[in-house]
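Tertiary structure, described
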Amino acid sequence: MNGTIRVGNLFGIPFYIHPSWFLVLGLVTWSYSSGLAAQFPQLSAGLALLLGLMTALMLFASVVAHELGHSFVAIGQGIDVKSITLFIFGGLASLEKESKTPSEAFWVAIAGPMVSLLLCGIVTAIGVTTAASGPLAAILGVLASVNLALALFNLIPGLPLDGGNILKAIVWKITGNPYKGVTFASRVGQIFGWVAILSGVVPLLLFGNAGNFWNLLIGFFLLQNAGNSAQFARVQEKLTGLTAEDAVTHDSPIVSANLTLREFADERVISGQNWHRFLVTDDDGQLVGAIAVDNLRTIPTALWSETQVKEVMRPITESTTVQSDQPLLEVMQLLEQQKLSVLPVIRENGVLVGILEKAAIIQLLQSRTQPNPA
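This write-up is about the structure you can find in this document.

What counts, and where the lines are drawn
Per chain, residues are indexed from 1 in the order of the written sequence. Totals for whole chains, interfaces and linings use every residue, but because this is a predicted model, local features are given only for residues with pLDDT of at least 70 and side-chain atom pairs only at 80 or more, for both listing and counting. For side-chain calculations, the full set of non-hydrogen atoms in the structure is used, while hydrogens and water are omitted. Residues enter a nonpolar core if they are buried and are Ala, Val, Leu, Ile, Met, Phe, Trp, Tyr or Cys, with the set joined through side-chain atoms within 4.5 Å. Relative accessibility thresholds used throughout: buried, under 20% of the residue-type maximum; exposed, over 50%; partly exposed, between the two (1.4 Å probe, protein chains only). Each helix corresponds to a stretch of at least 4 residues labelled H or I by DSSP, and each strand to a stretch of at least 2 residues labelled E; elements are numbered beginning at the N terminus. When checking whether two residues touch, look at their non-hydrogen atoms; a contact exists if any pair is within 4.5 Å. Axis definition: a line fitted to C-alpha atoms, limited for helices to the stretch in contact. Angles are taken between N-to-C directions and run from 0 to 180 degrees. Whether a crossing is left-handed or right-handed is set by the direction in which the near helix is turned from the far one by less than a right angle, anticlockwise for left-handed and clockwise for right-handed. Polar here means any residue other than Ala, Val, Leu, Ile, Met, Phe, Trp, Tyr, Cys and Pro, which are nonpolar, and Asp, Glu, Lys and Arg, which are charged; Gly is therefore polar. For two strands to be treated as a pair, DSSP must find at least two bridges joining them.

Next up on the list: the nonpolar core. Counting residues in hydrophobic clusters, the biggest one holds 31 residues, and the most contacted among them are Phe15, Trp21, Leu36, Leu43, Phe60, Ile84 and Leu86. Looking at this core, the elements that each hand over two or more residues are β2 (13-17), α1 (19-39), α2 (45-76), β3 (81-87), α3 (102-129) and α4 (134-154). With eight residues, α2 is the largest single contributor of residues to this core. Residues contacting Leu43, with those up to four places away along its chain left out, are Leu36, Ala48, Leu51 and Pro135. With 20 residues, the next largest nonpolar core counts Leu242, Leu328, Leu343 and Ile361 among its residues.

Below you can see the structure in the form of C-alpha cells.
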C-alpha cells in the first residue's frame, strides 16, 4: 500500500502501518475509554483513556496475530511473506505467490480465522478462571467478542475476505481451475459489497443513521477489491501456458560484440532505429552485455572505426534476465516488483532470444481478449 510506514519486523516479516490506522486507533481508543468511563464512574478520565488505548492496542495485536496465522502457514509451504500491513480495515499479509494446490490454499486462508477463534477462547478462559471483575473483566470481554467477530466476519465467503479464499480453494478443488475459483469468489464478494452498501445507504437516507457509514466503507472496500481480484484472475488465466519467449519483441535491439562503434552507429543508430539501448552478443549468440547510444559520447569520433562494441559495453548480471521457458505470468510479476519496463530473455545455454517489454505483454493480452472473427 502506498504511503505506509515501516515500523520494524515481525519474525523476519517486514511490518508496516498505513496512516489511516492512526485514525482508527484514535477512534477506537476514544470509543472504549468513553464506554469504560460510563460503565465505571470511579475511573478517572486519564485512567479510562489509558485503559482505552491499551484495549485498542490489544485489539490491533489480535489483528496482527490473525495475519501471522496466514503468514506462518504460507511460510511452511515455502511461500515468502513480503509484508504485514495494518490499515483502516484491519490487517493484510502480502504473500509472494499463491499456494500450489487448493488444499494448501485452504489452510493458508483458514489459518487467520482459526487464530482469532483461538484467541477468543484463550481470553474467555482467562476471564473465567481468574474470576476477573470490574474494568479488567470488561476489557477481556471486549477482546473475546472482537476476536470472535473478526473470525466470523472474515469467514464471509467472498473475496477479498478469508472466507472468499476458502471458497476459492473449494471451487478450485472441484473444477481443477484456480481462476474459476477466484472469479466465483470475487462475484460473491461483490454481492456482499453491494449488500453492505445498501445496508448503509438505506438507513442513512431514511433515518440519518450515521453509524451505518462504516457499512458503506466496508461495502466499497469489498466491491473494489473483489473486482480487482476478478480482473487479475482473468489476466492470469489468459497468460497461462505462455512463456517469456512468446512475448519477445520482434527485431529486438541486438548487436554483435565485434562490431566497431562506426559500424554500430551506421547500422543501428543512424539507420533510424529508435532504440536507445542495445543488447550485445558474442559469436555464439550468448548475451555478454549492453550498450547505450549515449555510451558513444565517451569515445572520440575519430576512434570509432578502431574501437569495438565489446570495449564500451556494460556487463549484464544474470539477475536482470529471464529464461525463455519461464512462465509469462512470473515475468509480469517480476517486472512489476522491480519496476522494470524491459528484460532480456535468454535460453538455458545463455543464447539471447531478445527483449521482452511490458508493453508487449499488454498487447498480447489485448490480442487474446479480442473475439475471433467468424
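The structure having been displayed, the exposition proceeds.
Below, the discussion takes up the packing of α2 against α3. Contact geometry of α2 with α3 gives a least axis separation of 8 Å together with a crossing angle of 145°. Two packed elements cross with a definite hand, and for α2 against α3 that hand is right-handed. Seen from α2, the contacting residues are Ser62, Ala65, His66, Gly69, His70, Val73 and Ala74; seen from α3, they are Trp107, Val108, Ala109, Ala111, Gly112, Pro113, Val115, Ser116 and Leu119. Among the residues making up the contact of α2 with α3, the classes are represented as ten nonpolar, six polar and no charged.

With that settled, the discussion passes to the sheet that holds strand β7 (residues 287-292). Across the sheet, which stays open at both edges, the three strands sit in the order β5-β6-β7 with mixed pairing between neighbours. A strand with exactly one partner marks an edge of an open sheet, and here the two such strands are β5 (254-256) and β7. Sheet twist, expressed as the average angle between the axes of neighbouring strands with direction ignored, equals 35°. Sheet analysis places strand β6 (residues 277-281) next to β7, joined by five bridges and oriented antiparallel. If you follow Thr281 over to β7, its bridge partner there is Leu287.

By themselves these figures say nothing about function.
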